[in-house]
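Chain residues, written in single-letter form:
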Amino acid sequence: MADRRTHRLRLWTSAVTVGVILLAVLLVPPLVQLDEQAVDLSRKLLPPSWDHPFGTDDLGRDLLLRCVYGLRISLLVGLVAALVATVVGTAVGAAAGALGGWTDRCLMRLVDAFSSVPHLLLGIFVVALFRPGVWPVIASVAVTHWLSTARIVRSEVLSLRTRPFVDAAVSGGASRWRVTVRHLLPAVLPQAGLAAVLMIPHAMWHESALSFLGLGLPSHQASLGNLVQNARSSLLAGDWWPTLFPGLLLIVPTLAIAGLAGVWRDRLNPRRRSELML
């Protein structure tokens, strides 16, 4: 009973947190008719107050508004990059598992080759090929994050190939393409979707790391990585709020999305959940 209550509390807490975050990034920019780039040096580095709940930065800009805009950009990068990476990884994993043979060996060696290079180094190489902007960062994150999805989908497809319904479809004259599209892909989509959800916070952290290093979004554009990077000098001077609040907006969505993904994982594999409770 206690485990069920904990499970339900985690679900509702994560769902409410994600809902509040989505409402903030969708409604605050159009409703609050303020320029998040507006500079007011007379208000620089004000501590949190009723007028500025998150305080102001070193240029007098409202930190709450900039954090919302930064979270909006980081979520956009995370969502689009996770979607692209999931599509690529699902296609590669399904092709490797369904076709087998030399196709499987070649695709898995390609995955191993990409995996041998650290994600951050490969991401830096990709963004260095383009001007700073949102889409190079999305491409960088997508290129470096499809590998785990490909492995997951391949293992699921290899497991499904031994199931009776696949043998029945092949015995009935279904081609390999039809078996893959009609039977194997629909069966692995829940696992691929779970991988995509788990990839969103990972992609957000990746974008923040690139922006913190000065290789992601332009420095004037609000993103959580840029906000933390711009606040380093303020932190050394004892002003903690320009670093704390963007950092919290990286951690809180990560925990909330991980909580929802954990509930989804338990729904997909209730046997594993029951074994963990024993």
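Residues numbered from 1 in each chain as written. Predicted model: local features only at pLDDT ≥ 70, side-chain atom pairs only at ≥ 80, totals over all residues. Heavy atoms only, no water.

Examining the overall build of the protein
Here is step 1 of the chain: Helices and strands together make up the secondary structure of the protein, namely 12 helices and zero strands.
Here is step 2 of the chain: A sequence separation of at least 24 residues applies to 70% of the contacts in the protein between residues at least 6 apart.
Here is step 3 of the chain: Surface summary for the protein: the accessible area is close to 15,200 Å², and the carbon and sulfur share equals 67%. (Helix = DSSP H or I, 4+ residues; strand = E, 2+ residues; numbered from the N terminus. Contact = heavy atoms within 4.5 Å. Areas by Shrake-Rupley, 256 points an atom, 1.4 Å probe, with all protein chains shown as cover.)

A short note on the nonpolar core
Here is step 1 of the chain: With 29 residues, the main nonpolar core has Cys67, Leu71, Val111 and Trp146 as its most contacted residues.
Here is step 2 of the chain: For this core, the secondary structure elements donating two or more residues are helix H1 (2-31), helix H2 (63-99), helix H3 (101-115), helix H6 (147-160), helix H8 (176-212), helix H9 (224-230) and helix H11 (241-268).
Here is step 3 of the chain: Top contributing element to this core by residue count: H2, with eight residues.
Here is step 4 of the chain: The contacts of Trp146, once residues within four sequence positions are left out, are Ala85, Val88, Gly89, Val92, Leu110, Val111 and Phe114.
Here is step 5 of the chain: Core analysis: the next-biggest nonpolar cluster, separate from the first, contains 11 residues, Val127, Val137, Val141 and Leu217 among them. (Core = buried A, V, L, I, M, F, W, Y, C linked by side-chain atoms within 4.5 Å. Buried < 20%, exposed > 50% of the residue type's maximum accessible area, 1.4 Å probe, protein only.)

Brief notes about the environment of Ala15
Here is step 1 of the chain: With respect to the helices and strands, the residue Ala15 is situated in helix H1.
Here is step 2 of the chain: Placed 245 residues apart in sequence, Ala15 and Leu260 show a C-alpha to C-alpha distance of 6.9 Å.

As for a nonpolar patch on the surface
Here is step 1 of the chain: On the surface, Leu22, Leu23, Leu26, Leu27 and Leu31 cluster together into a nonpolar patch covering about 510 Å² of accessible area.
Here is step 2 of the chain: Note on placement: Leu31 falls in helix H1.
Here is step 3 of the chain: The exposure class assigned to Leu31 is exposed, which follows from its relative accessible area of 66%. (Patch = residues over 30% accessible without salt bridge, like charges linked within 9 Å, V, L, I, M, F, W, Y side chains within 5 Å. Salt bridge = Lys/Arg side-chain N within 4 Å of Asp/Glu carboxyl O.)

Structural notes on the UniProt feature "transmembrane region" (unreviewed entry) in the protein
Here is step 1 of the chain: As annotated in UniProt, the feature "transmembrane region" (unreviewed entry) corresponds to residues 12-32, 73-98, 110-128, 134-153, 184-205 and 244-264 in the numbering used here.
Here is step 2 of the chain: With 100% helix and 0% strand, residues 73-98 has its two end C-alpha atoms placed 37 Å apart.
Here is step 3 of the chain: Segment residues 184-205 splits into 100% helix and 0% strand. End C-alpha atoms: 32 Å apart. (UniProt positions renumbered as here; feature names shortened; annotations may be inferred.)

Points about the packing of helix H4 (residues 119-128) against helix H5 (residues 134-144)
Here is step 1 of the chain: The interhelical angle for the contact between H4 and H5, taken along N-to-C directions, is 145 degrees, at an axis separation of 9 Å. Between H4 and H5 lies a crossing of right-handed hand. Judged by residue contacts, His119, Leu122, Gly123, Val126 and Val127 of H4 engage Pro136, Val137, Ala139, Ser140, Val143 and Thr144 from H5. (Axes fitted to C-alpha atoms, helices over the stretch in contact; angles between N-to-C directions. Left-handed = near helix turned anticlockwise from the far one by under 90°.)

Notes on the packing of H2 against H5
Here is step 1 of the chain: Orientation of H2 relative to H5, taken along the N-to-C sense of each, is 45 degrees, at an axis distance of 8 Å. Our classification of the angle between H2 and H5 gives oblique. Our pair here, H2 against H5, has a crossing hand that is right-handed. Note on element contacts: H5 touches H2 through Val134, Trp135, Val137, Ile138, Val141 and Ala142, opposite Leu76, Val77, Val80, Ala81, Val84 and Ala85.
Here is step 2 of the chain: Of the residues that constitute the contact of H2 with H5, the class distribution is 12 nonpolar, no polar and no charged. (Parallel < 35°, antiparallel > 145°, perpendicular 65-115°, else oblique. Nonpolar A, V, L, I, M, F, W, Y, C, P; charged D, E, K, R; others polar.)

Quick word on the packing of aromatic side chains
Here is step 1 of the chain: Applying the stated criterion across every chain, the model contains four aromatic pairs.
Here is step 2 of the chain: Their ring planes at 5 degrees and their centres at 4.1 Å tell us that Phe54 and Phe245 sit as a pair that is stacked. Highlighted residues: Phe54 in the loop between H1 and H2 and Phe245 in helix H11, separated in sequence by 191 residues. Per residue, the accessibility class of Phe54 equals that of Phe245, and both read buried.
Here is step 3 of the chain: Geometrically, the ring pair formed by Trp240 and Phe245 is tilted, given 6.2 Å between the ring centres and 45 degrees between the ring planes. (Phe/Tyr/Trp six-rings, centres within 6.5 Å; stacked < 30°, edge-to-face > 60°.)

Some points on H6
Here is step 1 of the chain: Here H6 contains 14 residues, and its C-alpha end-to-end distance of 20 Å stays within 8% of the 20 Å for a straight helix at 1.5 Å per residue.
Here is step 2 of the chain: Residues of H6 that are buried include every one of Leu147, Thr149, Ala150, Val153, Val157 and Leu160, and no others. Along the long axis of H6, the arc covered by the buried residues comes to 155 degrees, so they all point the same way. (Expected span 1.5 Å × (residues − 1). Arc of directions from axis to C-beta.)

Overview of the pattern of salt bridges
Here is step 1 of the chain: Across all of its chains, the model carries five salt bridges by this definition.
Here is step 2 of the chain: Between Asp57 and Arg61 there is a salt bridge, with its nearest N and O atoms 2.9 Å apart. By the burial criterion, Asp57 is buried, and Arg61 matches it.
Here is step 3 of the chain: For Asp57, the salt bridge is made with Arg66, and the minimal N-O distance between the two is 3.7 Å.

Structural notes on H4
Think of an α-helix as turning once every 3.6 residues; residues three or four places apart then point the same way.
Here is step 1 of the chain: Those residues of H4 that sit buried are Leu122, Gly123, Val126 and Val127. Mapping the buried residues of H4 onto a view down its axis gives an arc of 130 degrees, with all of them on the same face. Turned more than 90 degrees away from the buried face of H4, the exposed residues are Leu121, Phe125 and Ala128.

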